[in-house]
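Chain residues, written in single-letter form:
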Amino acid sequence: MAGIDLNADLGEGFGVWRLADDDAMLRIVTSANVACGFHAGDPAGLLQVCRSAAGRGVRIGAQVGYRDLAGFGRRFIDVSAEDLAADLVYQIGALQAIARASGSAVSYVKPHGALYNAIVTHRDQAAAVAEAVRMVDPTLPVLGMAGSAFFDEAARRGLRTVAEAFADRAYLADGQLVSRSEAGAVLQDPAEIADRVVSTVTSGRVTAIDGTQIEVSVESVCVHGDSPGAVQIATAVRDRLKAAGFEIGAFS
């Protein structure tokens, strides 16, 4: 039986504002991309979600991003490679302490939002992200987009790369994600999303927004925790994958 990992961005609330139902998502996913405080998340909330993840046996990943609380990390920042690497080392280290205090550990790193999108092609920032992970712990895998500058720079440093596909995001013909500012960028129908995920994982191809068939590598599927109907979408994706004969489990 083939295996597939389900990951979601969690711990993104701040103070009294709660963005997603983290507890419900932790009953569905196998890997939790936990915010590190720079684009979202506060220490008390991050400790709570890490404890919940540890209690459910869900793997914890450091979800690193730009220093952009106001923009939720979805705005590109033209930061120097040196400053970006330092910011990411700081974020990973902070979450390592919180995860350890929760009886778990940080098992991988995944960039968030605008940083994730930028390092598909932005070579200097891609190198900075890969170097930050290497400096902290070169055994940590990194989640990202296959064929990206980030994966190239990670491979140069001996980091393991884990390719992911997005359940609820539309793709461009070049394999990048459609900007959230564009119509149709975020899919919302749980059944349609679940069917697309099974097709993508089975065939290694996904239909872009213009109808182009593009190849994608998939070891993990991202189901966004902050999307409308996120819990219903994640449940539908998990159930359809299981019905199609896939075993849901953290990537090994």
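The protein chain goes by 5-oxoprolinase subunit A in an unreviewed UniProt entry, where it is assigned to Mycobacterium nebraskense. Here the protein chain is described in UniProt, under the heading Function (unreviewed entry), as follows: "Catalyzes the cleavage of 5-oxoproline to form L-glutamate coupled to the hydrolysis of ATP to ADP and inorganic phosphate." Its UniProt record, at the heading Catalytic activity (unreviewed entry), says of the protein chain: "5-oxo-L-proline + ATP + 2 H2O = L-glutamate + ADP + phosphate + H(+)".

1. What about the packing of helix H2 (residues 43-56) against helix H3 (residues 81-101)?
Here H2 crosses H3 at 50°, and the two axes come no closer than 8 Å. The orientation of H2 with respect to H3, classified from their angle, is oblique. The two elements H2 and H3 cross, and the hand of that crossing is right-handed. Contact residues: H2 offers Pro-43, Leu-46, Leu-47 and Cys-50, while H3 offers Leu-95, Ile-98, Ala-99 and Ala-101.

2. A short note on the side chain of Arg-169
Following the sequence through the fold, Arg-169 ends up in the loop between strand S6 (161-166) and helix H7 (190-203). Nearest to the buried, unbridged Arg-169 among oppositely charged side chains is Asp-168, at 5.8 Å. Engagement of the side chain of Arg-169 in a polar contact is seen with the backbone oxygen of Ala-185, the distance being 3.2 Å. Not counting chain neighbours up to four residues away, the residues in contact with Arg-169 comprise Leu-177, Val-178, Ser-179, Arg-180, Ala-185, Val-186, Leu-187, Arg-196 and His-224.

3. Regarding the packing of aromatic side chains
Per the stated rule, a full pass over the model turns up five aromatic pairs. Between the aromatic rings of Tyr-66 and Phe-76, the centroid separation amounts to 6.0 Å while the plane-to-plane angle is 90°, which identifies the pairing as edge-to-face. Here Tyr-66 is found in the loop between strand S3 (59-64) and H3, whereas its partner Phe-76 is found in the loop between S3 and H3, with 10 residues between them in sequence. Aromatic side chains Tyr-116 and Phe-166 sit 5.4 Å apart centroid to centroid with 90° between the ring planes, which places their arrangement in the edge-to-face category. Highlighted residues: Tyr-116 in helix H4 (residues 113-118) and Phe-166 in strand S6, separated in sequence by 50 residues. Across the pair, Phe-166 and Tyr-116 agree in class, each one buried. Over the aromatic face of Phe-251 sits the side chain of Arg-59, whose NZ or CZ is 4.5 Å from the ring centroid.

What counts and how
Residues numbered from 1 in each chain as written. Predicted model: local features only at pLDDT ≥ 70, side-chain atom pairs only at ≥ 80, totals over all residues. Heavy atoms only, no water. UniProt positions renumbered as here; feature names shortened; annotations may be inferred. Axes fitted to C-alpha atoms, helices over the stretch in contact; angles between N-to-C directions. Helix = DSSP H or I, 4+ residues; strand = E, 2+ residues; numbered from the N terminus. Parallel < 35°, antiparallel > 145°, perpendicular 65-115°, else oblique. Left-handed = near helix turned anticlockwise from the far one by under 90°. Contact = heavy atoms within 4.5 Å. Buried < 20%, exposed > 50% of the residue type's maximum accessible area, 1.4 Å probe, protein only. Lys, Arg positive; Asp, Glu negative; His and termini not counted. Salt bridge = Lys/Arg side-chain N within 4 Å of Asp/Glu carboxyl O. Polar contact = N/O pair within 3.5 Å; in protein donor to acceptor, adjacent residues only side chain to side chain. Phe/Tyr/Trp six-rings, centres within 6.5 Å; stacked < 30°, edge-to-face > 60°. Lys NZ or Arg CZ within 6 Å of the ring centre and 35° of its normal.

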